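The primary structure of each chain is shown beneath.
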Amino acid sequence: MRIARFSIDGNVAFGAVEGEGTVESGGLVLDIIKGIPYADFELSGTKVPLNKVRLLPPVLPNKVVAIGRNYAEHAAELGNEVPDVPVAFFKPTTSVIGSGDAIEYPSFSDEVHYEAELAVVIGRMCREVPRERVKDVVFGYTCANDVTARDAQKREKQWARAKGFDTSCPLGPWVETDLDPSDLTIQATVNGEQRQLGRTSEMIRSIEDLVVHITEAMTLLPGDVILTGTPAGVGPLHVGDEVAVTIEGIGTLTNKVIKRG
């Protein structure tokens, strides 16, 4: 099931996405959900066309835990070795935007990059999750763009500003709850030109590995997000660009880049 979060007439709700096609084509509709999607819920039967609502980030995470250098070719292209343990960092909630929202180019950077990633959405509160129980705590999967101020990342020892600036974590367009994430095509395009193309099977550490590693240290809450790393092919974004992340079985997350201010 595809679960979207949206606003219509000033109200925010979740809905199950039904139909085929794109958001713009008018072939998709939302069946509004009674309650919240992390618990038992019912479909209301009240349906609205998806192209008549504003898509919001599909979740509002308490935290986004991101993993760096989880694809060997990406680590190599930036001159890094594959780490012995997963490299984890946070992106704040203020970095999260939805599909169709603008990425604001930060004033402190001259080199902003796209990074297409598979995002894991947590469905229940969990800590110290054993490997065999990981599937029980995952709500679903969505597309992510770990937008990075690469020059700031290189000159600052911490990645907080480089990875955490406002609008640096596009998520969407919805969460797919019924998906095997082990071998999916993941790609990024800029202005329609393909820049990244990889498969989730190329991850150094699996989703199970990452959930176990993260929850050894911290409690994850419903709606929290794990970014699983990006394949090779990252590169620059400029004001005016349109960047799209497409993941097989999920959909396409699209954002334009604008000047901050």
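What counts, and at which threshold
- Residues numbered from 1 in each chain as written.
- Predicted model: local features only at pLDDT ≥ 70, side-chain atom pairs only at ≥ 80, totals over all residues.
- Heavy atoms only, no water.
- Helix = DSSP H or I, 4+ residues; strand = E, 2+ residues; numbered from the N terminus.
- Rg over C-alpha atoms; globule rule 2.2 N^0.38 Å.
- Buried < 20%, exposed > 50% of the residue type's maximum accessible area, 1.4 Å probe, protein only.
- Contact = heavy atoms within 4.5 Å.
- Areas by Shrake-Rupley, 256 points an atom, 1.4 Å probe, with all protein chains shown as cover.
- Lys, Arg positive; Asp, Glu negative; His and termini not counted.
- Charge placed at Lys NZ, Arg CZ, Asp CG, Glu CD.
- Salt bridge = Lys/Arg side-chain N within 4 Å of Asp/Glu carboxyl O.
- Polar contact = N/O pair within 3.5 Å; in protein donor to acceptor, adjacent residues only side chain to side chain.
- Pairing = 2+ DSSP bridges.
- Arc of directions from axis to C-beta.
- Axes fitted to C-alpha atoms, helices over the stretch in contact; angles between N-to-C directions.

1. A look at the overall build of the chain
Move 1: Scanning the chain from N- to C-terminus turns up five helices and 20 strands.
Move 2: For the chain, whose C-alpha radius of gyration is 17 Å, the value lies close to the compact-globule estimate of 18 Å for 261 residues.
Move 3: If one aligns the C-alpha atoms of the chain with their principal axes, the spans along those axes are about 50 × 45 × 30 Å.
Move 4: Burial statistics for the chain: of 261 residues in total, 51% are counted as buried.
Move 5: Here the contacts in the chain between residues at least 6 apart in sequence split such that 70% fall between residues at least 24 apart.
Move 6: When the accessible surface of the chain is split by element, carbon and sulfur atoms take 48% of a total near 11800 Å².
Move 7: Charge separation in the chain, taken as the distance between the mean sites of 26 positive and 37 negative side-chain charges, equals 5 Å.

2. A word on the side chain of T167
Move 1: On the secondary structure map, T167 appears in the loop between α4 (160–164) and β14 (169–176).
Move 2: Taking the relative accessible area as the measure of exposure, T167 reaches 8% and is therefore buried.
Move 3: In this structure, T167 is in contact with T94, S95, I97, A102, I103 and E104, ignoring residues within four places of it in sequence.

3. Overview of the side chain of D241
Move 1: Tracing the sequence through the fold places D241 in the loop between β18 (235–237) and β19 (242–247).
Move 2: Lacking a salt bridge, the buried D241 has R195 as its closest oppositely charged neighbour, with an N-O distance of 6.1 Å.
Move 3: A polar atom in the side chain of D241 sits 2.9 Å from the side chain of N191.
Move 4: Sequence-distant contacts of D241, defined by excluding residues within four places in its chain, comprise V190, N191, P236, N255, K256 and V257.

4. Quick look at the environment of T200
Move 1: Looking at where T200 falls in the secondary structure, it is placed in the loop between β16 (193–199) and α5 (207–215).
Move 2: The exposure class of T200 is buried, given its relative accessible area of 3%.
Move 3: Taking the C-alpha atoms as reference points, T200 and A4, separated by 196 residues in sequence, lie 23 Å from one another.
Move 4: Residues in contact with T200, not counting those within four places in the same chain, are Y71, L118, P181, S182, D183 and L184.
Move 5: At 3.2 Å, the side chain of T200 forms a polar contact with the backbone nitrogen of D183.

5. Describing unusual backbone geometry
Move 1: Here the amide bond leading from G172 into P173 is cis, since omega sits at 0°, within 30 degrees of zero.
Move 2: On the secondary structure map, P173 appears in strand β14.
Move 3: The residue N191 is not glycine, and still its phi comes out positive at about 55°.
Move 4: Structurally, N191 can be placed in the loop between β15 (185–190) and β16.

6. A closer look at the sheet that holds strand β13 (residues 148–149)
Neighbouring strands of a sheet are bound in pairs by backbone hydrogen bonds; such pairs are parallel or else antiparallel.
Move 1: Taken in spatial order, the three strands make up an open sheet running β13-β10-β18, and their pairing is antiparallel. At either end of the open sheet lies a strand with only one pairing partner, and these are β13 and β18.
Move 2: Bridge count between strand β10 (residues 112–114) and β13: two bridges; the pairing is antiparallel. Paired with H113 across the strands is T148, a residue of β13.

7. Thoughts on α5
Note that an α-helix has 3.6 residues per turn; residues three or four places apart therefore point the same way.
Move 1: Regarding α5, the residues found buried are I207, L210, V211, I214 and T215. Projected down its long axis, α5 shows its buried positions confined to an angular sector of 115°, all on one face.
Move 2: Taken together, the buried residues of α5 touch β6 (64–68), β11 (116–122), α2 (134–137), β12 (138–145) and β17 (225–227).

8. What about the sheet that holds β15?
Move 1: Strand order in the open sheet formed by five strands is β9-β20-β19-β15-β16, and the pairing between neighbours is mixed. Strand pairing shows two members of the sheet lacking a second neighbour, β9 (102–105) and β16, which therefore form its edges. Averaged over all adjacent pairs, the angle separating strand axes in this sheet is 20°, with direction ignored.

9. Details of the pairing of β14
Move 1: Of all eight residues in β14, eight are buried; the element is thus mostly enclosed.
Move 2: One ladder, built from two bridges, connects strand β1 (residues 2–8) with β14; its direction is antiparallel. Residue pairing in the sheet places R2 in a bridge with E176 of β14.
Move 3: Two elements, β12 and β14, share three bridges in a ladder whose sense is antiparallel. Residue pairing for β14: Y141 is matched across the bridge by E176.

These figures come from the coordinates and say nothing about function on their own.
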